[in-house]
Amino acid sequence: MTKRKDENTELQILDAAKKVFQTKGMDGARMQEIADMANINKAMLHYYYRSKQLLFEAVFKNAFALLAPQLNIILNDDSSIENKVKNFTSNYISFIIKHPYLPNFIIQELNRNPDFIEKLQGNSTLLNIDKFKKSVELEVSQGLLKPISGEQLFINILALNIFPFVAKPLVKAFTKENDKGFKKLMEDRKTEVSEFIIHAIKK
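Cut-offs and rules
Residues numbered from 1 in each chain as written. Predicted model: local features only at pLDDT ≥ 70, side-chain atom pairs only at ≥ 80, totals over all residues. Heavy atoms only, no water. Helix = DSSP H or I, 4+ residues; strand = E, 2+ residues; numbered from the N terminus. Buried < 20%, exposed > 50% of the residue type's maximum accessible area, 1.4 Å probe, protein only. Contact = heavy atoms within 4.5 Å. Polar contact = N/O pair within 3.5 Å; in protein donor to acceptor, adjacent residues only side chain to side chain. Domains from an automatic or database assignment. Buried area = accessible area lost by both parts, 1.4 Å probe. Salt bridge = Lys/Arg side-chain N within 4 Å of Asp/Glu carboxyl O. Nonpolar A, V, L, I, M, F, W, Y, C, P; charged D, E, K, R; others polar. 1 Å grid on protein atoms, 1.4 Å probe; cavity = no way out; pocket = protein on both sides within 12 Å on 5 of 7 lines; lining within 4 Å. Points joined across faces, edges and corners; volume = space filled by probe spheres on them. Phe/Tyr/Trp six-rings, centres within 6.5 Å; stacked < 30°, edge-to-face > 60°. UniProt positions renumbered as here; feature names shortened; annotations may be inferred. Core = buried A, V, L, I, M, F, W, Y, C linked by side-chain atoms within 4.5 Å.

Draft legend 1. Representation of the environment of E82 in the model. Assignment of secondary structure puts E82 in helix α5 (residues 81-98). Accessibility expressed as a relative area gives 25% for E82, which makes it partly exposed. Separated by 88 residues in the primary sequence, E82 and L170 have C-alpha atoms spaced 30 Å apart. Ignoring anything within four residues of it in the chain, the contact list for E82 reads I198 and K202. Within polar-contact distance, the side chain of E82 engages the side chain of K202 at 3.0 Å.

Draft legend 2. Focus on the domain arrangement of the protein chain. For the protein chain, the assigned domains read domain 1 (1-50) and domain 2 (53-201). Taking only C-alpha atoms into account, the centre of domain 1 sits 28 Å from that of domain 2. Each partner contributes residues to the interface: domain 1 has 14 residues there, and domain 2 has 12 residues. Carbon and sulfur atoms make up 81% of the surface buried where domain 1 meets domain 2, a total of about 1100 Å² over both sides. Considering only the side of domain 1, the residues that lose the most area to domain 2 are K18, F21 and M26, jointly responsible for 47% of the buried surface there. The interface formed by domain 1 and domain 2 includes 0 salt bridges. Summed over the shared surface of domain 1 and domain 2, the number is 0 residue pairs in polar contact (both at pLDDT 80 or more). Elements represented by at least two residues in the side of domain 1 that touches domain 2 include exactly α1 (2-28) and α2 (31-37). The dominant element in the side of domain 1 that touches domain 2, judged by the number of residues it contributes, is α1, at 9 residues. Looking at the side of domain 1 that touches domain 2 residue by residue, the class counts come to 9 nonpolar, 2 polar and 3 charged.

Draft legend 3. Seen up close, the side chain of S194. Residue position: S194 is located in helix α11 (residues 179-201). Once you skip the residues sitting within four places of it in the chain, S194 turns out to touch V85, K86, T89 and R189.

Draft legend 4. Fine view of the layout of surface pockets. Here the second largest pocket is characterised by a volume of approximately 230 Å³. Taken together, F21, Q22, G25, P100, Y101, N104, F105, Q108, F165, V166, K168 and P169 form the lining of the second largest pocket. For the lining of the second largest pocket, the secondary structure elements donating two or more residues are α1, α6 (102-112), α9 (150-166) and α10 (168-175). A breakdown of the residues in the lining of the second largest pocket according to their chemical character gives 7 nonpolar, 4 polar and 1 charged. Each of domain 1 (1-50) and domain 2 (53-201) contributes no fewer than three residues to the lining of the second largest pocket.

Draft legend 5. Geometry of the packing of aromatic side chains. Scanning all chains against the criterion turns up 7 aromatic pairs. Summarising the aromatic geometry, the rings of F132 and F154 are spaced 6.0 Å apart at their centres and angled 65° between planes, so their arrangement reads as edge-to-face. Within this pair, whereas F132 is found in helix α8 (residues 130-141), its partner F154 is found in helix α9, the two being separated by 22 residues in sequence. Accessibility expressed as a relative area gives 9% for F154, which makes it buried.

Draft legend 6. Quick look at the UniProt feature "DNA-binding region" (unreviewed entry) in the protein chain. Under the feature "DNA-binding region" (unreviewed entry), the UniProt entry names residues 30-49. Here residues 30-49 is 70% helix and 0% strand, with 13 Å between the C-alpha atoms at its ends.

Draft legend 7. Highlighting the nonpolar core. Counting residues in hydrophobic clusters, the biggest one holds 54 residues, and the most contacted among them are F21, L55 and F132. When residues of this core are assigned to their parent elements, the largest contribution, 12 residues, is made by helix α4 (residues 52-76). Per-domain counts for this core show at least three residues from each of domain 1 (1-50) and domain 2 (53-201). Look past the residues within four positions of F132 in its chain and what remains in contact with it is L75, I81, K84, G150, L153, F154 and I157.

In structure tokens, the structure reads:
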């Protein structure tokens, strides 16, 4: 019973922190505000997380750990590059629609604390693109793809998928869309991005 209660409290804290970090950012967030939103006192919050930095990292890793395994399976399976592009794009966009704070979390933290990525590099949840690069190299050598490196293709996939979410206010202003319209645009990008990339790289 105590263990279940502890797990529930931690989940409450992470959920509250996610909401506060999403609206206030790392620097603007306050531990007291997070404690209030989680319906606990500040002492209890510090019992679970001694500092705001540790709490921020926990929220980030918690969300990233949900996404990375899905994407790693896609990058490392035996399917074609075309299928990898389609599946990666669809899974990423679906996930970010449900967790819209994550791209800004990543960029915000890397800008504020460039050493943060080193903590993730030893973590099993970090994306591994080694097999993806070999698959790209193989399909290029077989004449299925135009000459391109796996690294450049992966960066292109990331850029086309991540940017609209990071620049959401700008995209909404340019397209004159509300939140509902923006979500529809992102759903459509599951097909648009895949077809754009595949058309660009296939011979």
